[in-house]
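# Close look at the chain arrangement
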Amino acid sequence: PGKTKVVSADPLPETWKWMRGNYVQVALGQKLFGWGEEGTKLLVKAIKGEKIPTIVDSGFDVVTPKTLPEYEKKWVEMSKE
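Structure report, in brief. (Residues numbered from 1 in each chain as written. Predicted model: local features only at pLDDT ≥ 70, side-chain atom pairs only at ≥ 80, totals over all residues. Heavy atoms only, no water.)

### Describing the overall build of the protein chain
- From N to C terminus, the protein chain includes three helices and three strands.
- Start at the N end of the protein chain and walk to the C end: the helices and strands fall as β-α-β-α-β-α.
- Relative to its length of 81 residues, the protein chain is extended, with a C-alpha radius of gyration of 16 Å against a globular reference of 12 Å.
- Projecting the C-alpha coordinates of the protein chain onto the three principal axes gives extents of approximately 55 × 25 × 15 Å.
- Counting across all 81 residues of the protein chain, residues that qualify as buried make up 21%.
- For the protein chain, the proportion of contacts with a sequence separation of at least 24, taken over those separated by at least 6, is 54%.
- On the protein chain, roughly 6200 Å² of surface is accessible, and the fraction owed to carbon and sulfur atoms is 59%.
- Placing the 13 positive and 11 negative side-chain charges of the protein chain at their respective mean positions leaves the two points 6 Å apart. (Helix = DSSP H or I, 4+ residues; strand = E, 2+ residues; numbered from the N terminus. Rg over C-alpha atoms; globule rule 2.2 N^0.38 Å. Buried < 20%, exposed > 50% of the residue type's maximum accessible area, 1.4 Å probe, protein only. Contact = heavy atoms within 4.5 Å. Areas by Shrake-Rupley, 256 points an atom, 1.4 Å probe, with all protein chains shown as cover. Lys, Arg positive; Asp, Glu negative; His and termini not counted. Charge placed at Lys NZ, Arg CZ, Asp CG, Glu CD.)

### Points about the side chain of Glu72
- Locating Glu72 in the fold gives a position in helix α3 (residues 68–80).
- Judged by its relative accessible area of 18%, Glu72 falls in the buried class.
- Leaving out residues up to four positions away in the same chain, Glu72 has contacts with Trp16 and Arg20.

See below:
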């Protein structure tokens, strides 16, 4: 751990133990928070006949061992909804 740099896809809970153990230094994934709301807004626009983008770039969640505690808090809050 710590000698080989590992980048993982999707910062899901299954990845967190590997980040805590310093096996994974960064996890990149699609933005998970807020997409239910964003998708609903796009559907409402489509129903109203408004133009919606063909592609919506969500950006990436970039989670490192340092930012993991904050990300975990977001995950717990999202899971309650």
